[in-house]
Amino acid sequence: MAFTLPDLPYAHDALAALGMSKETLEYHHDIHHKAYVDNGNKLIAGTEWENKSVEEIVVGTYNKTAVAQNGIFNNASQHWNHALFWEIMGPGQTAMPGALEKALTESFGSVDKFKEEFSAAGAGQFGSGWAWLVKDADGALKVTKTENGVNPLCFGQTALLGCDVWEHSYYIDFRNKRPAYLTNFLDKLVNWEAVAARL
């Protein structure tokens, strides 16, 4: 089915006081995400993927033996990644629900240890990619990182939280300081209720 650019669930300037400027969201959502949608629609037109869901396209076009993925995968996956990214951020400082806090503490030792591991994964991703909190098929919570547009769907995992570490996500606000961007993301931008709802 055709990809559609989702509206942001908040105004473009709603996250500015929390470290993600209106300019960043205008570039990131309105230009970068829109390009994945537009290019993806062109690439799937007339193919076997034209009437499939974005999740089916991501899983069906992923090549686990290659680092460089095909164009259909790249655009479908990045569309899926960004749709999640907008959803798990918000302008309201939400307290972490007890069930999520308990799950993170059981899996990582503490919420602070989880944040350290997540930030290290994002900072340590060479080049472009994503940092993730995932629920594995066995129910275990893990922190992972992926290159380029690869996401947890490719590995049968459920994405609970994803952070874009492509430069277009942070360069306007943080320049080259990716670790500072990741800390700010976890401390100020994440809507923990939205993350908990994905458990």
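Rules and cut-offs
Residues numbered from 1 in each chain as written. Predicted model: local features only at pLDDT ≥ 70, side-chain atom pairs only at ≥ 80, totals over all residues. Heavy atoms only, no water. Helix = DSSP H or I, 4+ residues; strand = E, 2+ residues; numbered from the N terminus. Rg over C-alpha atoms; globule rule 2.2 N^0.38 Å. Contact = heavy atoms within 4.5 Å. Areas by Shrake-Rupley, 256 points an atom, 1.4 Å probe, with all protein chains shown as cover. Salt bridge = Lys/Arg side-chain N within 4 Å of Asp/Glu carboxyl O. Buried < 20%, exposed > 50% of the residue type's maximum accessible area, 1.4 Å probe, protein only.

Some details on the overall build of the chain
Phase 1 of the analysis: Broken down by element type, the chain carries 8 helices and 3 strands.
Phase 2 of the analysis: Counting from the amino terminus, the chain carries its helices and strands in the arrangement α-α-α-α-α-β-β-β-α-α-α.
Phase 3 of the analysis: Radius of gyration (C-alpha) of the chain: 16 Å, near the 16 Å computed for a compact globule of 199 residues.
Phase 4 of the analysis: Projected onto its principal axes, the C-alpha positions of the chain cover 50 × 40 × 30 Å.
Phase 5 of the analysis: Within the chain, residue pairs in contact and separated by at least 24 positions form 68% of the contacts whose partners lie at least 6 positions apart.
Phase 6 of the analysis: Accessible area for the chain stands at about 9,200 Å²; split by element, carbon and sulfur atoms hold 52% of it.

Observations regarding the environment of T144
Phase 1 of the analysis: With respect to the helices, strands and loops of the structure, T144 is situated in strand β2 (residues 141-147).
Phase 2 of the analysis: C-alpha of T144 to C-alpha of E48: the two residues are 96 residues apart in sequence and 31 Å apart in space.
Phase 3 of the analysis: Leave out the neighbours within four places in its chain, and T144 touches A121, W130, A131, W132, V134 and Q157.

Looking at the environment of G162
Phase 1 of the analysis: The residue G162 is located in strand β3 (residues 158-164) in this model.
Phase 2 of the analysis: It is 9.4 Å that separates the C-alpha atoms of G162 and P152, two residues lying 10 residues apart in sequence.
Phase 3 of the analysis: Setting aside anything within four residues of it in sequence, one finds G162 in contact with L84, F85, I88, W130, A131, W132 and F185.

Side note on the pattern of salt bridges
Phase 1 of the analysis: All chains considered together, the criterion is met by 4 salt bridges.
Phase 2 of the analysis: Across the pair K34 and D38 runs a salt bridge, and its minimum N-O distance is 2.7 Å. With K34 and D38 both in helix α1 (residues 22-44) and 4 residues apart, the pair spans about one turn of that helix.
Phase 3 of the analysis: The exposure class assigned to K34 is partly exposed, which follows from its relative accessible area of 37%.
Phase 4 of the analysis: For the salt bridge of E106 with K102, the shortest nitrogen-to-oxygen distance reads 2.7 Å. Pair noted here: E106 and K102 are both in helix α4 (residues 98-108), with a separation of 4 residues, about one helical turn. The pair E106 / K102 is uniform in exposure class, with both members exposed.

Purely geometric stuff here, so don't read any function into it on its own.
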